[in-house]
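# Secondary and tertiary structure notes
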Amino acid sequence: MKLRIFIEPQQGATYDDQLQVARATERLGFDAFFRSDHYLVMGDGDPLPGPTDSWVTLAGLARETSTIRLGTLVSSATFRLPGVLAISVAQVDQMSGGRVELGLGTGWYDPEHTAYGIPFPPFGERFAKLEEQLEIVTGLWGTPVGETYSFDGSHYRLADSPALPKPVQSPRPPIIVGGLGARRTPRLAAAFADEFNVPFAVLDDTKAAYDRVTAACEAVGRDRLIYSAAQVVCCGKDEREVERRAAAIGREVSELRENGLAGTPEELVEKIGGFAGAGCERIYLQVLDLADLDHLELIASDVLPHV
């Protein structure tokens, strides 16, 4: 089981805040540092300092880290045109020496689109655009140097693109698709993804989603994907510390125990073992208090060696 650190900087984080967490992630031996891709604080929190762009941030972190994987969980297909996205991700892959992964989804948070003038079409159209974006991004990266790429879809058209630059990773950076959709999401994962992620779901629902993707992969003759899960984390060496950390992020311990990874290190190890039994190979630990680096220290020393 690989443990990855996953943050939500739209809730209030500068680039330097994120750099501090990324450096701790690398120093402590976690597998990867991932961030969300949002432009607006959610809920009633303090909106300052304002949003940071995910791929601008990851480009900076690519030059200030050396071993951890870097990526988005997940970028929104509404934010960037697919050709531009392919260029950005390929460039960050080059800047990192081949450590980038692209999580890509439909986008879902309407208020951030309204706030920054980003079109937010109905879900069916967003899903269709996501499918075309996945086809275009992978098509651009997979086009041999010296050849051109063209695409004529319902939402995007590319003609005679030089399909440059190329990422470092071959055949391409890993693609992550996620969600609990019962029909279209498994099909999309089987067609384009290297990893399938289930965010913030209980174990039984996570296992059911994995089973649907396995069936979709079998239907098209693909081997199973890497399966992962995202879970909010709240770990303490004793109950008092668990309660303190839950209060710091505005959550109840009982709710976190039911819907996330909360409790002592021993509790986390046991629950992560349940996800491993369901086929999960990577857990994205959603860390919501970026100033509490002792939290990462505890997980690294008392959880990571046992999973």
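Let me begin by describing the structure that accompanies this report. (Residues numbered from 1 in each chain as written. Predicted model: local features only at pLDDT ≥ 70, side-chain atom pairs only at ≥ 80, totals over all residues. Heavy atoms only, no water.)

What follows covers the overall build of the protein chain. Helix and strand counts for the protein chain stand at eleven helices and twelve strands. Taken over the C-alpha trace, the protein chain has a radius of gyration of 19 Å; the compact-globule value for 307 residues is 19 Å, and the two agree within 12%. Counting only C-alpha atoms and orienting by the principal axes, one finds that the protein chain spans roughly 60 × 45 × 35 Å. When each of the 307 residues of the protein chain is scored for burial, the buried share is 52%. Of the contacts made within the protein chain by residues no fewer than 6 positions apart, 73% connect residues no fewer than 24 positions apart. With the model as given, the accessible surface of the protein chain reaches about 13200 Å², and the carbon-plus-sulfur share is 52%. (Helix = DSSP H or I, 4+ residues; strand = E, 2+ residues; numbered from the N terminus. Rg over C-alpha atoms; globule rule 2.2 N^0.38 Å. Buried < 20%, exposed > 50% of the residue type's maximum accessible area, 1.4 Å probe, protein only. Contact = heavy atoms within 4.5 Å. Areas by Shrake-Rupley, 256 points an atom, 1.4 Å probe, with all protein chains shown as cover.)

This brings us to empty space enclosed by the protein. Inspection of the entire model under this criterion finds one cavity of 30 Å³ or more. Counted as a void, the largest cavity has a volume near 70 Å³. Forming the walls of the largest cavity are Val 233, Cys 234, Arg 245, Ala 248, Ile 249, Val 287, Leu 288, Asp 289, Asp 292 and His 295. Looking at the lining of the largest cavity, the elements with two or more residues in it are β10 (226–235) and α8 (239–248). Looking at the lining of the largest cavity, its residues break down into six nonpolar, one polar and three charged. (1 Å grid on protein atoms, 1.4 Å probe; cavity = no way out; pocket = protein on both sides within 12 Å on 5 of 7 lines; lining within 4 Å. Points joined across faces, edges and corners; volume = space filled by probe spheres on them. Nonpolar A, V, L, I, M, F, W, Y, C, P; charged D, E, K, R; others polar.)

What follows is about the pairing of strand β3 (residues 69–72). Of the two faces of β3, the one lined by Arg 69 and Gly 71 and the one lined by Leu 70 and Thr 72 are each fully buried. Relative to β3, strand β2 (residues 32–35) runs parallel, the two being bridged by four bridges. By the bridge assignment for β3, Ala 32 is matched with Arg 69. Between β2 and its parallel partner β3, the chain crosses via helix α2 (residues 54–64), and the hand of that crossover is right-handed. Here β3 pairs with strand β5 (residues 100–105) via two bridges, running parallel. Residue pairing across strands places Gly 71 opposite Glu 101, the latter belonging to β5. (Pairing = 2+ DSSP bridges. Right-handed = clockwise from strand over helix to strand, strands pointing away.)

Counting buried positions along β5 yields six of six residues, so the element is predominantly enclosed. Neither face of β5 is left uncovered, since the one carrying Val 100, Leu 102 and Leu 104 and the one carrying Glu 101, Gly 103 and Gly 105 both have all their residues buried. Here strand β4 (residues 75–76) runs beside β5; their pairing, made up of two bridges, is parallel. Bridging across to β5, Ser 76 finds its partner in Gly 105. Inspection of the sheet shows β5 paired to strand β8 (residues 175–178) by two bridges, in the parallel sense. In the strand pairing of β8, Leu 102 is matched with Ile 175.

Attention now goes to the layout of surface pockets. Roughly 700 Å³ of volume is contained in the largest pocket. The wall of the largest pocket is formed by 32 residues, among which Leu 73, Val 74, Trp 108, Gly 178 and Pro 199 lie closest to the centre. For the lining of the largest pocket, the secondary-structure elements that each account for two or more residues are β4, β5, α5 (123–142), β8, α6 (184–192) and β9 (195–199). With three residues, the top contributor of residues to the lining of the largest pocket is α5. Its residues assigned to classes, the lining of the largest pocket comprises 16 nonpolar, 14 polar and two charged. Estimated volume of the second largest pocket: approximately 200 Å³. Along the walls of the second largest pocket sit Glu 8, Gln 11, Gly 12, Met 42, Gly 45, Asp 46, Leu 48, Pro 49, Val 287, Leu 288 and Leu 290, which together make up its complete lining. Residue composition of the lining of the second largest pocket, grouped by class: six nonpolar, three polar and two charged.

Glancing now at the side chain of Arg 80. Following the sequence through the fold, Arg 80 ends up in the loop between β4 and α3 (82–96). Of note is the side chain of Arg 80, whose polar atom sits 3.3 Å from the side chain of Ser 54. (Polar contact = N/O pair within 3.5 Å; in protein donor to acceptor, adjacent residues only side chain to side chain.)

Now for the packing of aromatic side chains. In the structure shown here, the tally under the stated rule is nine aromatic pairs. Summarising the aromatic geometry, the rings of Tyr 39 and Phe 79 are spaced 4.6 Å apart at their centres and angled 40 degrees between planes, so their arrangement reads as tilted. In this pair, Tyr 39 sits in the loop between β2 and α2 while Phe 79 sits in the loop between β4 and α3, placing the two residues 40 residues apart along the sequence. For the residue pair Tyr 39 and Phe 79, the accessibility class agrees, reading buried in each case. Note on Phe 196 and Tyr 227: the rings are 6.4 Å apart at their centroids and 80 degrees apart in plane angle, and the pair reads as edge-to-face. (Phe/Tyr/Trp six-rings, centres within 6.5 Å; stacked < 30°, edge-to-face > 60°.)

Attention now goes to the nonpolar core. Nonpolar side chains in soluble globular proteins generally cluster together in the buried interior. Formed by 73 residues in total, the largest nonpolar core has its most connected members in Phe 30, Leu 102, Phe 196 and Leu 285. Those residues within four positions of Leu 285 in sequence are excluded, and the remaining contacts are Leu 3, Arg 4, Ile 5, Phe 6, Phe 30, Gln 231, Val 233, Leu 261 and Ile 299. The next biggest cluster of nonpolar side chains, apart from the first, holds eight residues, and it includes Cys 234, Val 242, Ala 246 and Leu 256. (Core = buried A, V, L, I, M, F, W, Y, C linked by side-chain atoms within 4.5 Å.)

Function-wise, these values are silent; they only describe arrangement.
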